[in-house]
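Now for the letters of each chain:
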Amino acid sequence: MAGKADKETLKRLEEEGKKKGIPARLLEFYHKLFSLQSKAERRIGKARPGLKSGIINERLAHGQPLIKFDELTIDRALLKEVLAEVMATFTEYPDLFGELPRSLEKLKSQPALPKKVARAWFKGTELPATIEAADTNEHLLLEAIVHESLKPFLATQAKSLIKLVDQERWRQGYCPICGGSPDFAFLDKERGARWLLCSRCDSEWLFQRLQCPYCGTQNQEALAYFIDEEGVYRLYVCDECHKYIKAIDLRPIESEISVPLERVLTLDIDRQAQEKGYQPGHSEPPTQTTN
C-alpha cells in the first residue's frame, strides 16, 4: 500500500497537471510509473552505507561520486519484475512513445537486465547491441526504459549516502552520489541558494547560482534566466553550451512539494526552452565516467 507521501505526490500530479494543461494520457502514464517505482523502493527497503568513512572522504575530495557501478546492490529477481512492469507501462501508451523496439523482447526471456546494459547506462555510454535500436527515437525509448527500471535501486542507495556529503565542499556539476547529470534545480527557502537534482537518483546538492552546471562557465554574459509571471519557476540558459535547466523557487511557496515531481509539471518550460534553441543538459553523458 502506498505511503502518505506517495499518495500526496500522486494527488498533486493529478491536480496540478490538469491545471497546467498536461494531457490526461501523459498524466495517467506518469501516475502508473511513479506508483510502480514507489512500490519497488518499498520492497527494496532502506540501504545501509557500505563505504568506510576514509573511502567516502577520499572520493569526495577527488571529485569522485560515492557509488561505483560494481558496488551497486541490486536484487536481480526484483529488477526483472520492475523491468517487466516498466516495459508494460510504456507499451500501454504507443500514442505517446511509439511501439516498443522488437529487440526489447529479448530481455523478457533473460533472468534480468544484462549487466553490460546496466553498466553502459550507468556510465553514460552507448547501450550494447543486445538491445539495438533502429533509429534515434527507439534508442531514446530504450534508454528511458532502462533508466526508469534501474532508478528505484539507485535512488534507494542514494538516500542512505547523500547525508554523508559535505554540501559546502561538493560544488561539481554532476551528482556526488552516482555521477549523473542534473535535470532540475531549486532555490531553497532559507537563503535562496541553488540546489541541483540528479536526473538518475534524485539526490540534491548545493551549486553556484552564477555558473552553468553543464559546461562550467562563469561568464556572466553567457548566462541568463527567465522567470514566470508568478515568480515561482525559472529557466536557466547558457549561451556557451546552449543547454538549459529548469528550476523552482521554494521561497514563495507555502505548501510542501515534491521537487522530482516538478520535472513533469514543468514540461511546458521544456518546450519553451527548446523553441529558443536550447537543449536539456542531462541528455548528454555524465560529466565524469570514472565509475
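Residues numbered from 1 in each chain as written. Predicted model: local features only at pLDDT ≥ 70, side-chain atom pairs only at ≥ 80, totals over all residues. Heavy atoms only, no water.

Remarks on the overall build of the protein
Each helix and strand in the protein was counted, giving 10 helices and 7 strands. In the protein, the share of contacts with a sequence separation of at least 24, taken over all contacts with a separation of at least 6, comes to 64%. When the accessible surface of the protein is totalled, it reaches about 15000 Å², and 49% of it is carbon and sulfur. (Helix = DSSP H or I, 4+ residues; strand = E, 2+ residues; numbered from the N terminus. Contact = heavy atoms within 4.5 Å. Areas by Shrake-Rupley, 256 points an atom, 1.4 Å probe, with all protein chains shown as cover.)

Here's the deal with the layout of surface pockets
By volume, the second largest pocket is sized at about 370 Å³. What lines the second largest pocket is a set of 16 residues, among which Asp228, Tyr233, Asp268, Ile269 and Gln272 lie closest to the centre. Elements represented by at least two residues in the lining of the second largest pocket include exactly β4 (223-227), β5 (233-238) and α10 (267-275). It is α10 that contributes the most residues to the lining of the second largest pocket, 4 residues altogether. (1 Å grid on protein atoms, 1.4 Å probe; cavity = no way out; pocket = protein on both sides within 12 Å on 5 of 7 lines; lining within 4 Å. Points joined across faces, edges and corners; volume = space filled by probe spheres on them.)

Section: the pairing of strand β2 (residues 194-198)
Counted residue by residue, β2 has 5 buried out of 5 residues, so it is predominantly covered. When strand β1 (residues 182-187) meets β2, the two strands line up antiparallel, connected through 5 bridges. What sits directly across from Leu187, in β2, is Arg194. Once β1 ends, the chain turns through 6 residues before running back antiparallel as β2, passing Gly192 with a positive phi of about 75°. Both β2 and strand β3 (residues 204-207) contribute to a ladder of 4 bridges, which runs antiparallel. (Buried < 20%, exposed > 50% of the residue type's maximum accessible area, 1.4 Å probe, protein only. Pairing = 2+ DSSP bridges.)

So, the nonpolar core
If you look at the biggest cluster of nonpolar residues, it comprises 64 residues, and the most contacted ones within it are Leu13, Tyr30, Leu113, Phe122, Leu154, Ile177 and Cys201. The element best represented in this core is helix α8 (residues 136-161), accounting for 9 residues. Apart from the residues lying within four places of it in its own chain, the contact partners of Tyr30 are Leu13 and Val264. (Core = buried A, V, L, I, M, F, W, Y, C linked by side-chain atoms within 4.5 Å.)

Considerations on the environment of Gly231
Position of Gly231 among the secondary structure elements: in the loop between β4 and β5. Assessed through its relative accessible area of 29%, Gly231 is described here as partly exposed. Residues Gly231 and Arg251, 20 residues apart in the sequence, show an inter-C-alpha distance of 9.8 Å. Discounting chain neighbours no more than four positions away, the residues touching Gly231 are Asp249 and Pro252.

A closer look at the pairing of β1
Across the 6 residues that make up β1, a large majority, 6, are buried. As paired strands, β1 and strand β6 (residues 243-249) are joined by 4 bridges and run parallel to one another. Counted as the bridge partner of Phe184 is Lys246 from β6.

Focus on unusual backbone geometry
Backbone geometry places Asp202, a non-glycine residue, at a positive phi of 70°. Residue placement: Asp202 occurs in the loop between β2 and β3. The phi torsion at His242 lies on the positive side, around 60°, for a residue other than glycine. Structurally, the position occupied by His242 is in the loop between β5 and β6. For His242, a relative accessible area of 40% translates into the label partly exposed.

A closer look at the confidence of the model for the protein
Looking at the protein as a whole, its pLDDT mean stands at 88, while 89% of the residues score no less than 70. Taken as a whole, residues 285-291 scores under 50 in pLDDT and shows 24 contacts with residues more than four places along the chain or in a different chain. (pLDDT = per-residue confidence, 0-100.)

Looking at the pattern of salt bridges
Evaluation of the coordinates by the stated rule reveals 18 salt bridges. Note that Lys19 is salt-bridged to Glu16, the shortest N-O span being 3.5 Å. Taken together, the residues span about one helical turn, with Lys19 and Glu16 both in helix α1 (residues 4-19) at a distance of 3 residues. On the basis of relative accessible area, Glu16 is assigned to the buried category, the value being 19%. Residues participating in the shared-partner salt-bridge network are Lys151, Asp183, Asp202 and Arg263. (Salt bridge = Lys/Arg side-chain N within 4 Å of Asp/Glu carboxyl O.)

Considerations on the packing of helix α2 (residues 24-44) against helix α4 (residues 76-91)
Two numbers describe how α2 lies on α4: the axes approach to 10 Å, and their chain directions differ by 175°. In terms of their interaxial angle, α2 and α4 are classed as roughly antiparallel. For the pair formed by α2 and α4, the contact residues are Phe29, Lys32, Leu33, Leu36, Ala40, Arg43 and Ile44 on the first element and Leu78, Glu81, Val82, Glu85, Val86, Thr89 and Phe90 on the second. Here the residues of the contact of α2 with α4 sort into 9 nonpolar, 1 polar and 4 charged. (Axes fitted to C-alpha atoms, helices over the stretch in contact; angles between N-to-C directions. Parallel < 35°, antiparallel > 145°, perpendicular 65-115°, else oblique. Nonpolar A, V, L, I, M, F, W, Y, C, P; charged D, E, K, R; others polar.)

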